[in-house]
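Residue-level structural notes
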Amino acid sequence: MLRRRRERRRMSQLNLAVEAGVSSRHLSVLETGRSQPSPETVLLLAGVLEVPLRDRNDLLIAAGYAPVDRKTKIEAAAPTPTARST
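Report on the accompanying structure. (Residues numbered from 1 in each chain as written. Predicted model: local features only at pLDDT ≥ 70, side-chain atom pairs only at ≥ 80, totals over all residues. Heavy atoms only, no water.)

Quick look at the side chain of N57
Positionally, N57 belongs in helix α5 (residues 53-62). Look past the residues within four positions of N57 in its chain and what remains in contact with it is P67 and V68. (Helix = DSSP H or I, 4+ residues; strand = E, 2+ residues; numbered from the N terminus. Contact = heavy atoms within 4.5 Å.)

As for the layout of surface pockets
Quantified by volume, the largest pocket comes out at close to 260 Å³. Residue lining of the largest pocket: 13 residues in total, with L2, L30, P37, L59 and A63 positioned closest to the centre. Among the secondary structure elements, those contributing two or more residues to the lining of the largest pocket are α1 (2-8), α3 (24-32), α4 (39-48) and α5. Here the lining of the largest pocket is built from residues that sort into nine nonpolar, two polar and two charged. (1 Å grid on protein atoms, 1.4 Å probe; cavity = no way out; pocket = protein on both sides within 12 Å on 5 of 7 lines; lining within 4 Å. Points joined across faces, edges and corners; volume = space filled by probe spheres on them. Nonpolar A, V, L, I, M, F, W, Y, C, P; charged D, E, K, R; others polar.)

And the structure:
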């Protein structure tokens, strides 16, 4: 998934590694699945790649981590609709 996102942004591994502050070798082993990134690294790379917040959870799940709740306080506090009795 990471490689597809990077290629969609037309970035080389080296460019992404430099912008994210990780080594290009580390990025390479992450993309091939030979190493598992930390959740912080997943979110860092997603941020550099400008992955929409709702899609970052997909990257976290693919890396084996629980999704991060990205609801705003207003969305979290909003009442849920209930069935009306007629």
